[in-house]
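Geometric and topological summary
Residues per chain are reported as follows:
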Amino acid sequence: MNNPRIFDFKPSIVGNSISLRPLYSEDFEALYAAAADPLIWKQHPHPLRYQREVFESGFFASAVASPGALVVVENLSGRIIGSSRFYDWDADHQEVAIGFTFLARSHWGGQTNREMKHLMLAHAFRWANTVWFHVGINNIRSRKAMEKIGGEFSHEAPLAINGVTNIYAFYRIKAPDHLLNESVAQL
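Definitions and cut-offs
Residues numbered from 1 in each chain as written. Predicted model: local features only at pLDDT ≥ 70, side-chain atom pairs only at ≥ 80, totals over all residues. Heavy atoms only, no water. pLDDT = per-residue confidence, 0-100. Contact = heavy atoms within 4.5 Å. Salt bridge = Lys/Arg side-chain N within 4 Å of Asp/Glu carboxyl O. Buried < 20%, exposed > 50% of the residue type's maximum accessible area, 1.4 Å probe, protein only. 1 Å grid on protein atoms, 1.4 Å probe; cavity = no way out; pocket = protein on both sides within 12 Å on 5 of 7 lines; lining within 4 Å. Points joined across faces, edges and corners; volume = space filled by probe spheres on them. Helix = DSSP H or I, 4+ residues; strand = E, 2+ residues; numbered from the N terminus. Nonpolar A, V, L, I, M, F, W, Y, C, P; charged D, E, K, R; others polar. Core = buried A, V, L, I, M, F, W, Y, C linked by side-chain atoms within 4.5 Å. Axes fitted to C-alpha atoms, helices over the stretch in contact; angles between N-to-C directions. Left-handed = near helix turned anticlockwise from the far one by under 90°. Pairing = 2+ DSSP bridges.

With that out of the way, let us pick up the confidence of the model for the chain. Of all residues in the chain, 93% attain a pLDDT of 70 or more, and the chain-wide mean is 91. Residue range residues 180-187 is modelled with pLDDT below 50. Its contacts to residues more than four positions away, or to other chains, number six contacts.

The next thing to look at is the pattern of salt bridges. If you walk through the whole model with that rule in mind, you get seven salt bridges. One salt bridge connects aspartate 27 with arginine 21, and the closest N-O pair in it is separated by 2.9 Å. Looking at aspartate 27, the relative accessible area reads 8%, which means it is buried. With relative accessibility at 25%, the residue arginine 21 sits in the partly exposed group.

Over the atoms rolls a probe the size of a water molecule, and in doing so it shows where empty space is left. Counted as a void, the largest pocket has a volume near 860 Å³. Forming the walls of the largest pocket are 36 residues, and the residues nearest its centre are Asn113, Lys117, Arg141, Ser142 and Ala145. Those elements that provide at least two residues to the lining of the largest pocket are α2 (38-41), β5 (95-103), α4 (112-124), β6 (130-136) and α5 (140-148). Looking at the lining of the largest pocket, its residues break down into 16 nonpolar, 14 polar and six charged. Its boundaries defined by the atoms lining it, the second largest pocket holds a volume of some 170 Å³. By residue number, the principal contributor to the lining of the second largest pocket is α4, which donates five residues. Considering only residue class, the lining of the second largest pocket consists of seven nonpolar, one polar and three charged.

The biggest cluster of nonpolar side chains holds 31 residues, and the ones touching the most others in it are Phe7, Leu20, Phe86, Trp89, Val96, Val131 and Phe133. Within the residue set of this core, elements represented by two or more residues are β2 (18-22), β3 (69-74), β4 (80-90), β5, α4, β6 and β8 (164-174). By residue number, the principal contributor to this core is α4, which donates five residues. Once you skip the residues sitting within four places of it in the chain, phenylalanine 86 turns out to touch Phe7, Phe9, Pro11, Ser66, Gly68, Leu70, Val96, Ala97, Ile98, Met120, His123 and Ala124.

Following both chains from N to C, one finds helix α1 (residues 28-35) and helix α3 (residues 52-65) inclined at 115°, their axes separated by 11 Å at the closest point. Judged by the sense of rotation from one axis to the other, the crossing of α1 with α3 is right-handed. Taken together, the residues of α3 that come into contact with α1 (itself represented by Phe28, Glu29, Leu31, Tyr32 and Ala35) are Arg52, Phe55, Glu56, Phe59 and Phe60.

Attention now moves to the sheet that holds strand β1 (residues 13-14). Judged by pairing direction, the sheet is mixed, and its eight strands sit side by side in the order β1-β2-β3-β4-β5-β6-β8-β7 without closing on themselves. Taken across any chain shown, the strands that pair with only one partner, and hence form the sheet edges, are β1 and β7 (152-161). Across five bridges, the pairing between β2 and β3 is antiparallel. Within the sheet, the bridge partner assigned to isoleucine 18 lies in β3 and is glutamate 74.

Written as structure tokens, this is what we have:
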């Protein structure tokens, strides 16, 4: 039985085509190789993340410092193709956020994002009843992807990330009823 107050931020999760594992400082070169494409960040609130210094000092430094940063690994090749993370665990409300997600363009438009979110949601729902996603309001591609996986738009609000405040669209996905019932039975 999981302790309902202590969220596991560092899982290793194996799926059909991808795996997620904790990010380490030695992952920088491989992760930057996946992130160095300007089109990945074009609609993002921080569109210069494809630049090495911006990626290293901002995104990567905060990922290494984060308790829940993960890399996405393609199972067939063993190549790192992206990143995501768990953050903002609220034990009292049983809520957590998933974000800071990106995938190499070679994995856009297919099943990779769906599989990644499915794996992360399944993990999160072992503790959480609600998972939040914060998406830049002008990031239409990510907002559509949220809707495709069942994200429910809640509201827009300012959010400070790494000392910079931007307006984000807040989406949520609630645990399916059968998981909520199991969660209550464990308490």
